[in-house]
There are 8 protein chains.
Amino acid sequence: MDSKKLKNLFASVKDGSISVEDAVRSIKHLPYEDISFAKVDHHRHLRQGVPEVIFASGKTDEQVLSIARAMHKKSGSFLITKASKKIRNALKIKGAVFYADSGIITVGEEKKKTGNVLVLTAGTSDIPVAEEAAVTASFLGSKVATVYDVGVAGLHRLMDNSAAMREARVIVVVAGMEGALPSVVGGMTDRPIIAVPTSIGYGTSLGGLTALFAMLNSCVPGIAVMNIDNGFGAGCLAHRINTPGDRK
Amino acid sequence: MDSKKLKNLFASVKDGSISVEDAVRSIKHLPYEDISFAKVDHHRHLRQGVPEVIFASGKTDEQVLSIARAMHKKSGSFLITKASKKIRNALKIKGAVFYADSGIITVGEEKKKTGNVLVLTAGTSDIPVAEEAAVTASFLGSKVATVYDVGVAGLHRLMDNSAAMREARVIVVVAGMEGALPSVVGGMTDRPIIAVPTSIGYGTSLGGLTALFAMLNSCVPGIAVMNIDNGFGAGCLAHRINTPGDRK
Amino acid sequence: MDSKKLKNLFASVKDGSISVEDAVRSIKHLPYEDISFAKVDHHRHLRQGVPEVIFASGKTDEQVLSIARAMHKKSGSFLITKASKKIRNALKIKGAVFYADSGIITVGEEKKKTGNVLVLTAGTSDIPVAEEAAVTASFLGSKVATVYDVGVAGLHRLMDNSAAMREARVIVVVAGMEGALPSVVGGMTDRPIIAVPTSIGYGTSLGGLTALFAMLNSCVPGIAVMNIDNGFGAGCLAHRINTPGDRK
Amino acid sequence: MDSKKLKNLFASVKDGSISVEDAVRSIKHLPYEDISFAKVDHHRHLRQGVPEVIFASGKTDEQVLSIARAMHKKSGSFLITKASKKIRNALKIKGAVFYADSGIITVGEEKKKTGNVLVLTAGTSDIPVAEEAAVTASFLGSKVATVYDVGVAGLHRLMDNSAAMREARVIVVVAGMEGALPSVVGGMTDRPIIAVPTSIGYGTSLGGLTALFAMLNSCVPGIAVMNIDNGFGAGCLAHRINTPGDRK
Amino acid sequence: MDSKKLKNLFASVKDGSISVEDAVRSIKHLPYEDISFAKVDHHRHLRQGVPEVIFASGKTDEQVLSIARAMHKKSGSFLITKASKKIRNALKIKGAVFYADSGIITVGEEKKKTGNVLVLTAGTSDIPVAEEAAVTASFLGSKVATVYDVGVAGLHRLMDNSAAMREARVIVVVAGMEGALPSVVGGMTDRPIIAVPTSIGYGTSLGGLTALFAMLNSCVPGIAVMNIDNGFGAGCLAHRINTPGDRK
Amino acid sequence: MDSKKLKNLFASVKDGSISVEDAVRSIKHLPYEDISFAKVDHHRHLRQGVPEVIFASGKTDEQVLSIARAMHKKSGSFLITKASKKIRNALKIKGAVFYADSGIITVGEEKKKTGNVLVLTAGTSDIPVAEEAAVTASFLGSKVATVYDVGVAGLHRLMDNSAAMREARVIVVVAGMEGALPSVVGGMTDRPIIAVPTSIGYGTSLGGLTALFAMLNSCVPGIAVMNIDNGFGAGCLAHRINTPGDRK
Amino acid sequence: MDSKKLKNLFASVKDGSISVEDAVRSIKHLPYEDISFAKVDHHRHLRQGVPEVIFASGKTDEQVLSIARAMHKKSGSFLITKASKKIRNALKIKGAVFYADSGIITVGEEKKKTGNVLVLTAGTSDIPVAEEAAVTASFLGSKVATVYDVGVAGLHRLMDNSAAMREARVIVVVAGMEGALPSVVGGMTDRPIIAVPTSIGYGTSLGGLTALFAMLNSCVPGIAVMNIDNGFGAGCLAHRINTPGDRK
Amino acid sequence: MDSKKLKNLFASVKDGSISVEDAVRSIKHLPYEDISFAKVDHHRHLRQGVPEVIFASGKTDEQVLSIARAMHKKSGSFLITKASKKIRNALKIKGAVFYADSGIITVGEEKKKTGNVLVLTAGTSDIPVAEEAAVTASFLGSKVATVYDVGVAGLHRLMDNSAAMREARVIVVVAGMEGALPSVVGGMTDRPIIAVPTSIGYGTSLGGLTALFAMLNSCVPGIAVMNIDNGFGAGCLAHRINTPGDRK
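Worth saying up front: this structure is predicted, and the values here are computed from it rather than measured. (Residues numbered from 1 in each chain as written. Chains lettered and ligands numbered in written order. Predicted model: local features only at pLDDT ≥ 70, side-chain atom pairs only at ≥ 80, totals over all residues. Heavy atoms only, no water.)

Moving on to the overall build of chain A. Of the regular secondary structure elements, chain A holds 11 helices and 9 strands. Residue burial in chain A is summarised as follows: out of 248 residues, 58% are buried. Once local pairs closer than 6 in sequence are excluded, the contacts in chain A between residues at least 24 apart make up 66%. Carbon and sulfur atoms provide 53% of the accessible area of chain A, an area that totals close to 9300 Å². (Helix = DSSP H or I, 4+ residues; strand = E, 2+ residues; numbered from the N terminus. Buried < 20%, exposed > 50% of the residue type's maximum accessible area, 1.4 Å probe, protein only. Contact = heavy atoms within 4.5 Å. Areas by Shrake-Rupley, 256 points an atom, 1.4 Å probe, with all protein chains shown as cover.)

Laid out in structure tokens, this is it:
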């Protein structure tokens, strides 16, 4: 039931061609699908918290490109994750930026950055996932700082960066292997912490499950955990937390 | 290096028995253990984000009570989780409140509540975990609202509460079985969502692992996931997110 | 937005106290929760396919009884699963029937039985789950036959009952251990088969996971699989399949 | 014991060269393998519910083609699943249809379509599995409708299609990641639901196990679950449920 | 189709009231269930390899006793596994023997023992499972020797018993924890080895799965593996192997 | 301590240059490594039960060939499993036979075949594993028969071969997917059964774990289970069981 | 072949009743079991590294006591792990010491302590396992120090004890939940570290598997890991490492 | 707080512009990051126990080479693990040694070897992991001996090497499949044992998990276990144990 139909209904009530009772009855059977006119508004609302995104992994280059072109026409601003340099080149969209470590592509103009998101990694191998989180949060409008390779095997490296932790509103901690870094960071700060396990490791790292479970069992209460290698999700959540006052 | 030693060092510098350069050098080698005097300050800072807590499960009543008495003397304000009515009665602390569903006990005076935390559950069996989250966040100083039994099998129940969702700064979603509620809530709001899987279910619910994994794989990006039945952690995280401006 | 409010809106349109445009606008913002007047109808509809049910396991007797009393007042017809004789006796509802093997209690008058549901078990230990399925389907209005203890170790027992299989519209097959019976039954019939794994077994039966996975991997295509020990769900599905023409 | 031997036995009884008692005794020892003459009839019966099918995955192209040629001669009507365009081309059978998304090939003439099967997917990546289900059910003689990309992150998309749900006799719901869609659909309809988990996802999606377990634990009772990515099985089951009156 | 019906059929053929052709046709449709007259013979055959048995675990004492009484009347000779002393006493069957370690009860007269089965255990905690295997094989008619506590931590204990190994026709090796004994025994003999993992251990023994998997991965080829704690099955298999010439 | 040293010791005792007591003492400390002269005999013994074998998978062609050449020189008779046609051709050993389905190569002259091993498969995809078992047992000296594609979806195919089952001394049953065939065969025979799970299947077949666990949980007692795809081990065990009287 | 037989053999050689060649031959066939005279020496050797121990868990009190009495007579010095106060009291052995936290009982006189073993725990709940390790190592003759409750959530607590770490020869680190402490300790020292995961935690702690896997995946190389809750094993290993020069 | 700030503080104390008490108070709040000047010393200490290492697996050749060049400049002495011949050749560092089985590269001059590390393997396929352990320990300064292919299927091979075991200070045991070798070795020696599971095997070897769990559950107490295939870690630990007196 779209606006026009509704208008006709009210007009019919007004001019008496349908009784109030019948109008109530007809609208009572208003099926769910008829409220679809709320879709657009709803979508705009959603987009404040989450960007439009194409998950390129498992799609052919051609599929990615055709979805990207459609999005480019519609909104002009979106992300492609797990993409390749080749996709970037084939995209032929001015201003699209390709981040080589994470394979994320941003399309659309820069937003003004607010708040303060800090992204930490335990090792250098965790950087691709961290970059995905950082680029995503930045793309959504968060100010983002990154400090890489501050794992628990050398705590002084982490302690050198405690100032950055104090300044952050929310901290994303990316770690593979034993996934211990979020616990240590959590013991040093009162900021919300988003822990992202990575699939870095071998044998009993179980493709990241060990880091994931370690993070879920942190002796520091109140650590948010994401799916393995889910830098994009961490960036979205970090932005949601970082900008609580920006939305209605 | 404790206070006394430090005082002697400064006195020696002052009276010239040690040069400034030598003093700097000596303090540069200050071993890690000597910074233990920072403990108290650090702890106070931590407590802004996380309450002192006794996890009663797996401890004897006597153990819980003796730790509680020590905490009562030291800080006067703390939580006991997974406790029993019997512990509450034996506690003999005025103003301690026992919440029967979750078994949480709060000790200490009420804080002024700020912000807005919403706690949802999929079913009535999830209420104990939700109550633990709600009491914890409230105890820490967050304003908390709860809406229970709005699972995905009857979406209208959830939709009836969309106003509460719009008003919240952060939403805690507690669900067992297939753990689908956070995804549906996540599709209707741009607030940060904290998903708490519960061990409600049987067979392939695998003690809550199924709900946990479902939440980690949500098609809505940016959902924070906690350990199974970890209402306390969810309350801590919700408060951290809810009051970003309250701390330094 | 309930009927009364809607009526007032239409009356206002009719008497001109609100313009057609304003009425359209107000109804466009009709929030999701306002369509809650659809709840009752929707529920009635649902109940054609699924009975109201109390899952007693994990609830105190008192909790079960108070929910049962509320349901008894509201609809008069419902099920309690995983209940005890003690609950039955405390229920004090005339005509409530307690089935001792499965612990299911039915409350409410008999419906006319239609169609033909056959429930098979591999062993005698699987009977409690089978009884739950049979009682549920029968309670919903399906004609149900049961044949127990026809496992694959003695195929002649199964073959003796091929006539019953030919007469069924849908066959529920309940089996634990290696869960092979659904495959063998599936090779002998073209009826829809609902396979229910049970937790009967030890060691690598993994609490029913082995039977579950075996059923999901049946070399006979088109077997529906339920959660472990989920006789209630199997009864609901069997009834849904058995009476496709009874609903709109 | 084939027909000829049986005939001789009866002839011997008739002409008195063997007594009735001896005839009974000889036939009592009729071993299982002697009832092999029932094979053909039995097979015809089976084919009413399940098509002949070649599972191409893990076979060489040459193996697939030689089995296909044999089937083509024998019955003229069969399916090849998980096949490639290259196999289709090499097949050289007129009227064979290749479906590119799912890699299913149908061989044989169209049947008259009856009933009403609805196939839904949560995302676009689930379409290959959905197509396999839809083509299979249609090939067997079911009328099939498909609605893709109506996942729980945007419920309005699902609600827009509630009419299609009301018209269906059975609904196949295909979803990966958290596998929440069957629960939501199950809450909106009383039709039998066949849930098919897909391997879409990463990390803790565990190759589809998370979606599978979520579906088995649905809070909506009576959802049939299939093996991961088993669109073919879902199509078979949907047809079995959709056409209960077509068979004896 | 039972004997009487068959007799009538033949009589009708003989007296000409049914033609040979019609008789052949009628018997061609002889449904599977009609061959049920083969049941008894088949069962006797089976019993040569496998005893009648009641698995007491998970049954009430009363259930066990009533099945036992039925079996006692019918065949006089059977086993009860995982039983208690209390059941033995309530059984009131003369000559029933209760084995306290394994909880197995034998009912029925002794058979003449043939062949040579050797049962080894790694530790003393494995004895209950070993006893179940030994009693079962002996009950079926195998000569059985047992050597307990010869685990790999002290190889000399095993080597002291190499003569017993050389004399055996088949060796049952029972072990928990790391399950290494079958590999070591397998390296010292050419006899068929039946490995039985036990649930002895803690932590990563995973209730016996670790021992099971270790046995399945033995570097010695040709070791038969049983389910965890399945002494009864091992006894049956050992007897089947031990007496290949005793059956037809 | 080799023969020569022993000889010297005895000579010294004889000529009195060492006392009996000292000789006993010296031999009492005879370290384990000194009994290495038993190695050869032991090896010959072992070979009666298990062939020399090269597991080609995971080795380079060159590694396989150099080990094969060494074995060829030493014993002239051995197996290579999981090998390729290319290896066969490079082998340049007259009489080496390559089996294409399983990739097994036999080198050495034929032994006289005794006993009777039957190898069954559930489907055609299980044939490579079955062939490995059959070739291995035959190579060791067992008479082997094979019947393929007699899975539980069409029981008549299995029943047609009950004569072959009655004639066998031991039956190897190879099956993937739900692994149900060993249970059904076990219900029809009293022969020792060796069940070999294969990795055939997808999704919840879990690479063969589902078939493995199903076989371990068979409702028919006394089924020997092998590691996934371990046709070679099954062939060794079948031969050990098949020829109990051939060895000392 | 015991001493007496050997003596006779040598005597026969000496007196010429058996030739040197025949003596060599007879001793060449000396079966493995005849070297059993090495058992006692071997055992004494073993005991230098590992104490005699009774694992009380899963045994009846009476079984524990009778084994303990036998050991008391034989060696006078042994351990009982996972025991109860009740067992201690029933033991009636003077000087037996019961440790209440871990349930370990030591019997036998004190050894002189050497070396330096440090036992750390992450939390207070890990103390029982730590005490078992400490008592075991001390019982074997190691000097042991313990520092409890120095988990990663408050690093200053650990740093306060860096002096103890520098003085240790080997460090046992006991931790449950996320198991992060060994990594942090490993980053601060070059001593061998023995990590013991405990079953402390809930939900995804998976009974200690998460801590175990985290420790196996430590980013600090060279950490030794024990089974879950295996304090006894850690004590044995710590002593073996702590006293490398004490044994031959 | 860096050196300059510290210097100013001491100068202020000296000239009386700040009192001793105030100086003590200010330094008490010295944040963690200011102790970063301890980094270098700390690192030097660490390197005594653990070498600098590049884990090449999962890095591009170019990444490995650029890190290697940086390390070469800084310390001149480091390892590359899981590397290729191609990397070795591209390295262009004189004296770099490439070990082909394990793919480890050593750079830097030889250290004097002390102590005695023995590395054993169960099979030839375990050699790459063993070589990694041996090269690592040797590179760090340990004397290393290796004995390969002494698995439990032929115990005499192990016993032949008992002298090597007696001479070792620490024994590394590398084994895949059922992982039984560490238990057998542990029963024959009192040396510390480091067990390294390898991913050698198939099916239920679960990529090495079976060997890992078997080792953790050894019936011999006090065996140190490493992650799957972690030869490098085993080498580090062996060296730490082997040279307890070399460090401070």
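All names here are of chain B. Between helix H6 (residues 127-140) and helix H11 (residues 231-242), the shortest axis-to-axis distance is 7 Å and the interhelical angle comes to 40°. Both H6 and H11 take part in a crossing whose hand is right-handed. Taken together, the residues of H11 that come into contact with H6 (itself represented by Val 129, Glu 132, Ala 133, Thr 136, Ala 137 and Leu 140) are Gly 231, Phe 232, Ala 234, Gly 235, Cys 236 and His 239. A per-class count over the contact of H6 with H11 returns 7 nonpolar, 4 polar and 1 charged. (Axes fitted to C-alpha atoms, helices over the stretch in contact; angles between N-to-C directions. Left-handed = near helix turned anticlockwise from the far one by under 90°. Nonpolar A, V, L, I, M, F, W, Y, C, P; charged D, E, K, R; others polar.)

What follows is about the sheet that holds strand S1 (residues 53-55) of chain A. Residue and element names in this part refer to chain A. Strand order in the open sheet formed by 4 strands is S1-S2-S4-S3, and the pairing between neighbours is mixed. Edge strands, defined here as strands with exactly one partner in the open sheet, are S1 and strand S3 (97-99). When the angles between neighbouring strand axes are averaged without regard to direction, this sheet yields 15°. Relative to strand S4 (residues 104-107), strand S2 (residues 78-81) runs antiparallel, the two sharing 3 bridges. What sits directly across from Ile 80, in S4, is Ile 105. Contacts between helix H6 (residues 127-140) and the sheet are confined to S2, S3 and S4, with S4 contributing the most and set at about 10° to the helix. (Pairing = 2+ DSSP bridges.)

As a further point, take the pattern of salt bridges. What the rule picks out here adds up to 32 salt bridges over all chains. With a closest N to O distance of 3.3 Å, Asp61(C) and Lys86(C) form a salt bridge. Of this pair, Asp61(C) sits in helix H4 (residues 61-74) while Lys86(C) sits in helix H5 (residues 85-91), placing them 25 residues apart in sequence. Taking the relative accessible area as the measure of exposure, Asp61(C) reaches 29% and is therefore partly exposed. The exposure class of Lys86(C) is exposed, given its relative accessible area of 62%. Measuring nitrogen to oxygen at the nearest pair gives 3.7 Å for the salt bridge that ties Arg69(F) to Glu62(F). (Salt bridge = Lys/Arg side-chain N within 4 Å of Asp/Glu carboxyl O.)

Residues and elements named next belong to chain C. Its location among the elements puts Ser 12 in helix H1 (residues 3-14). Once the C-alpha coordinates of Ser 12 and Ser 199 are considered, the two residues, 187 residues apart in sequence, prove to be 62 Å apart. Excluding its chain neighbours within four sequence positions, the residues that come into contact with Ser 12 are Ser 17 and Ile 18.

Moving on, we get to the environment of Arg169(D). Residue and element names in this part refer to chain D. Assignment of secondary structure puts Arg 169 in the loop between helix H8 (162-167) and strand S7 (170-175). Along the primary structure Arg 169 and Ile 54 are separated by 115 residues, whereas in three dimensions their C-alpha atoms are 28 Å apart. Here Arg 169 is in contact with Gly 115, Asn 116, Arg 191, Pro 192, Asn 242 and Pro 244, once residues within four sequence places are set aside.

Across the 8 residues that make up helix H10 (residues 209-216) of chain D, a large majority, 8, are buried. Those residues of H10(D) lying buried are Leu209(D), Thr210(D), Ala211(D), Leu212(D), Phe213(D), Ala214(D), Met215(D) and Leu216(D).

All names here are of chain E. Here Ala 234 lies in helix H11 (residues 231-242). On a C-alpha basis, the gap between Ala 234 and Val 119 in space is 9.8 Å, while along the polypeptide they are 115 residues apart. Once residues within four sequence positions are removed from consideration, Ala 234 is found in contact with Ala 133, Val 172, Ile 194, Val 196 and Met 226.

The next point concerns the pairing of strand S5 (residues 114-121) of chain G. Residues and elements named next belong to chain G. Within S5, 6 of the 8 residues are buried, which leaves it mostly tucked inside the rest of the structure. Alignment of S5 against strand S6 (residues 142-147), held across 5 bridges, turns out to be parallel. In the strand pairing of S6, Val 117 is matched with Val 144.

Secondary-structure assignment places Asn116(G) in strand S5. From its side chain, Asn116(G) meets the backbone oxygen of Glu167(G) in a polar contact 3.3 Å long. (Polar contact = N/O pair within 3.5 Å; in protein donor to acceptor, adjacent residues only side chain to side chain.)

Below, the discussion takes up the sheet that holds strand S1 (residues 53-55) of chain B. Residue and element names in this part refer to chain B. With mixed pairing, 4 strands are arranged side by side in an open sheet as S1-S2-S4-S3. At either margin of the open sheet sits one strand with a lone partner, and together these are S1 and strand S3 (97-99). Adjacent strand axes in the sheet meet at a mean angle of 15°, parallel and antiparallel pairs treated alike. With 3 bridges connecting them, S1 and strand S2 (residues 78-81) associate as parallel partners. Paired with Ile 54 across the two strands is Ile 80, which belongs to S2. The strands touched by H6 are S2, S3 and strand S4 (104-107); relative to S4, the strand with the most contacts, the crossing angle is about 10°.

Residues and elements named next belong to chain A. With 85% of its residues at a pLDDT of at least 70, chain A reaches an overall mean of 83. Between residues 28-48, whose pLDDT stays under 50, and residues either more than four places distant or in other chains, the model counts 38 contacts. Predicted as a complex, the structure gets a pTM of 0.85 and an ipTM equal to 0.80. (pLDDT = per-residue confidence, 0-100.)

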